[in-house]
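Letter by letter, the chains look like this.
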Amino acid sequence: MNAPTASARNEGNTVSAGVAPFSLSRDAFGRLVLREADGSICAGVVPVRGFPISAPDESVSLLGPDGRERVWIERLSSLDDTPRVLIEEELAAREFVPQIREIHSVSSFFTPCMWHVVTDRGETHFVLRGEEAIRRLSRNMLLIADENGVHYLVRDVEALDAASRKLLDRFM
Amino acid sequence: MTTIPSAHLLPAADPAVALFPAEWRREIGVQAPDAAPLEVLGWAELDLDARLQFRRGLLALTSSAVWFFAAGGNEPASYPLAADSRLELSDHGGVGTLQLCDDRGRVASWRFTLARMAAVQRFAELFEHWREALSRPEADGRATADERNAPVAREARTEHASPPGGDVETADAETAGGESGAVVDAGAEERTSSWTLFRIWRFARPYKRRLLAGFLLTLASTGATLVPPYLTMPLMDEVLIPFQNGVPIDPRLVALYLSGLLAAALVAWSLGWARTYLLALVSERIGADLRTAAYEHLLKLSLQYFGGKRTGDLMARIGSETDRINVFLSLHLLDFATDLLMIAMTAAILVSIDPGLALVTLMPLPLIVWLIHLVRERLRHGFEKLDRIWAEVTSVLADTIPGIRVVKAFAQERREAERFRLANEHNRLANDRLNRTWSLFSPSVTLATEVGLLVVWAFGIWQVARGRITVGVLTAFLAYIGRFYTRLDSMSRIVSHTQKAAAGAKRIFEILDHVSSVPEAANPVQLPQMKGRIEVRDVDFRYGNRAVLRGLTLDIAPGEMIGLVGASGSGKSTLVNLICRFYDPTDGEIRVDGVDIRSLRIADYRRHIGLVLQEPFLFFGTIAENIAYGRPEASRAEIVAAARAAHAHEFILRLPHGYDSLVGERGQALSGGERQRISIARALLIDPRILILDEATSSVDTATEQEIQKALDNLVQGRTTIAIAHRLSTLRKADRLVVLDRGRVVETGTHDDLMKRQGAYFELYRAQQRRAEIEPSGNADDRVEALAAEASE
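Residues numbered from 1 in each chain as written. Chains lettered and ligands numbered in written order. Predicted model: local features only at pLDDT ≥ 70, side-chain atom pairs only at ≥ 80, totals over all residues. Heavy atoms only, no water.

**Here we look at the overall build of chain B**
Helices and strands together make up the secondary structure of chain B, namely 28 helices and 19 strands. Going through the 793 residues of chain B one by one, you find that 49% of them count as buried. Put simply, 71% of the contacts in chain B that link residues at least 6 apart link residues at least 24 apart. With an accessible surface of roughly 38500 Å², chain B has 58% of that area assigned to carbon and sulfur atoms. (Helix = DSSP H or I, 4+ residues; strand = E, 2+ residues; numbered from the N terminus. Buried < 20%, exposed > 50% of the residue type's maximum accessible area, 1.4 Å probe, protein only. Contact = heavy atoms within 4.5 Å. Areas by Shrake-Rupley, 256 points an atom, 1.4 Å probe, with all protein chains shown as cover.)

Following this line, the structure appears as structure tokens:
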């Protein structure tokens, strides 16, 4: 790892409010192009949320193609509309954590078993390999990892309907 | 803790004999009448003789001689003292030796176990003090009052404010064996039996009212179950017998009695339900409180305790044994109380109906009581043994599963399986032995009750034949004693549950009774602003019978970075553990900003300490939670800032869920360097005044080390830092290097100073370099470090 640039970058851009010392645009390849205040240009930056589950709307980091952080945005809402929309589009295209709204059925109460669920991205099936794949993030929030590493989020167990809760309860 | 030491400094004018411990007075008085006005300055009790047999002895110092009294009839020996007399103290393998020497050679030698070490040390100090007084021309061999007070300064640090004699033992046990013998209530320990269960009352007290309500319900429901047999009496005598004699049945009377029976059953049912529910509720709460209390207490115990216990054993105690107590309280104790009530009430009813028949009915009772008593002892020992063996079984699991990589790498699955099978086999054998007793017990009780029933039939028929009682009375009696004996039977069964629960309770209270060897100060000193000056004064530390630190003294200025250097076992980590107050020194003290750390509240003190270990431990949870472990209220921005300073920010962002990624057991796999940077961020976030780096970079490669080193450089800024490292090159930023050897500081100075001095550090450094020259390939510097680290392991 090339250390000196890393530390230089670490103290780099931090956006906390109002004026953005950078501008974003999309190039012909569909990549995000970052133009920083010092005039340097970086193509193919990737937005990443700092706390995608506990505070999805707060911090976002723009990483360069080399994995180094270019810009740290304390609050996404503090940005102007253009860059914010670009970042949100990019995030939406990259992030895939379906939120479970309803558990239709479970093939068996022994793992592995097939779950049939309704998520915010539509209906789907997935295979739960073991009970330990269900993780409690907080009191009412669960993250369920399927066989292929897709994570399903249950944002609030209490908000599920009674039948879904009953099914879920058999695994907790 | 500053206490007024009593030591064995006695007023010189007092008559000697009166000042010895009570049990010695008689012995000495009998043996040495001629030594009468001995002017005793101090004494120490010994527990071994010259051939290392356990035998008590008493060493006494007078103004002119050392006296030795051996227990059991020997003549006391006296050794006159001269100006060149001196005492030499040494220990090896748990046995101490005190030698009286002069310039010509050894005069006498005494042996003792380390339990006596502190007392003997004090004796030797006293002797030293006396000698100084003697060597002064104006003194005539007698210590003046002032001089006698002088050793107090050193005494004060040994921390026990105890009168000479009895208390010395407890204090010494603490210093020598740490927590090994620090069980508070030795008396209660003796009576391990069911009495331990009464101690649960401490946890039951908050639920007094509910317990009382439960008891009243029990009383009522038991009473209700006793009504039906009573109603059989009139049913028999007023309905059935008259019918046999030709009197028609009165349906109204029958309906009355039958509805009475039904009502009694219904009342008994509802009361029984209420009682069971209420008491189960309470006992569940008591069990939960007990478990939490045991765990809370366990967490407060010092590292020494955890060092000596196996994880599986502790888990079994807190997990399953509290549960067993719980079940006992909610089910068996309840049954037992009901049984007891039932028996008492039944007995009362029986006596009220017919005293003679009642007497016969109750005959097998003493026999059963005797049986219970007989079996109880054997069962209790059996169950205690079973618990220990069960802990053994779980311990095998707890040892093996975390070390599974080692097991597999050395292909030792078969051996581990065998180890488990053996433990399991032990468990089975112990169970078999117990079951032999147990299986005999319960049928014996049944037999006794059957015989009892037979006697009642015989006696009853004889009585009916003689016209003394009616058939109805006999029927009622038989109905009652049917219940009575079932109760007796189930009551005898509770013996096993009681003993199981008692064994469990004993093991729980063993934890609860344990006093931490790192006690909280009674009147803690507040230290809101810590500067970070550390003074280590004459610190001795003994682990078991091994002396790890001997008279170590070290001053560290606020903000200074110290590198601790030395071979393995030289006491580096021990010193750091003492500074963190994971242990307390056997002797001497450690002061921070001029305050003894033992007088600070432990939690307050540790808040100022940041610790980065060789093997960073991440708890199961998100990365953000792990970074904020020391300060859960930290904001997200603070967490991110700490992660940035620890050079962890970018790799965290690259994880699928950023700061919300789960790590720790069963969590996201992180490399050693990444884990280390998270632990550095954790230390940074609490912004400690004192920072301890214990081999923080030893377990990673040199490239990762550079990355970590940069993070550490951020961390070290402006803090008092103590760094331990095998790779000497990682300590280049240290203001001062301290070289330890066998528990002592042998050199201090900067790298250049120490190299010039050509001493121990020079040797260490050269050794690391030589290894690099042997291996010419690769990056020379890296090789030095890697190999040196390897070599010094």
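**Comments concerning the confidence of the model for chain A**
Residue and element names in this part refer to chain A. Looking at chain A, the pLDDT average stands at 80 and 88% of residues meet or exceed 70. When mean pLDDT is taken per element in chain A, strand β8 (residues 100-106) scores highest with 91 and helix α1 (residues 3-10) scores lowest with 37. Across residues 1-12, where pLDDT falls below 50, the model places 14 contacts with residues more than four positions away in sequence or in other chains. (pLDDT = per-residue confidence, 0-100.)

**Some remarks on a nonpolar patch on the surface**
All names here are of chain B. A cluster of nonpolar side chains, contributed by Leu212, Phe215, Leu216 and Leu219, occupies part of the molecular surface with about 360 Å² of accessible area. Within the fold, Leu212 resides in helix α9 (residues 208-225). Residue classification places Leu212 among the exposed residues on the basis of a relative accessible area of 53%. (Patch = residues over 30% accessible without salt bridge, like charges linked within 9 Å, V, L, I, M, F, W, Y side chains within 5 Å. Salt bridge = Lys/Arg side-chain N within 4 Å of Asp/Glu carboxyl O.)

**Points about unusual backbone geometry**
Residue and element names in this part refer to chain B. For Asp538, which is not glycine, the phi dihedral falls at a positive 45°. For Asp538, the position within the fold is in strand β8 (residues 534-543). The backbone phi angle of Gln758 is positive, close to 55°, even though this residue is not glycine. With respect to the secondary-structure elements, Gln758 resides in the loop between α26 (751-757) and α27 (760-774). We classify Gln758 as exposed; its relative accessible area is 54%.

**Quick notes on the pattern of salt bridges**
Here the idea is simple: oppositely charged side chains can pair when their charged atoms come close. Residue and element names in this part refer to chain A. Applying the stated criterion to the full structure yields 35 salt bridges over all chains. Residues Glu89 and Arg26 are paired through a salt bridge, measuring 3.1 Å at the closest nitrogen-oxygen approach. Residue Glu89 is located in helix α2 (residues 81-94), and its partner Arg26 is located in strand β2 (residues 22-26); the two are separated by 63 residues in the primary sequence. Glu89 sits in the partly exposed class, given a relative accessible area of 42%. Where Asp81 meets Arg84, a salt bridge forms, and the shortest distance between an N and an O atom there is 3.0 Å. Separated by three residues within a single helix, Asp81 and Arg84 lie in helix α2, roughly one turn from each other.

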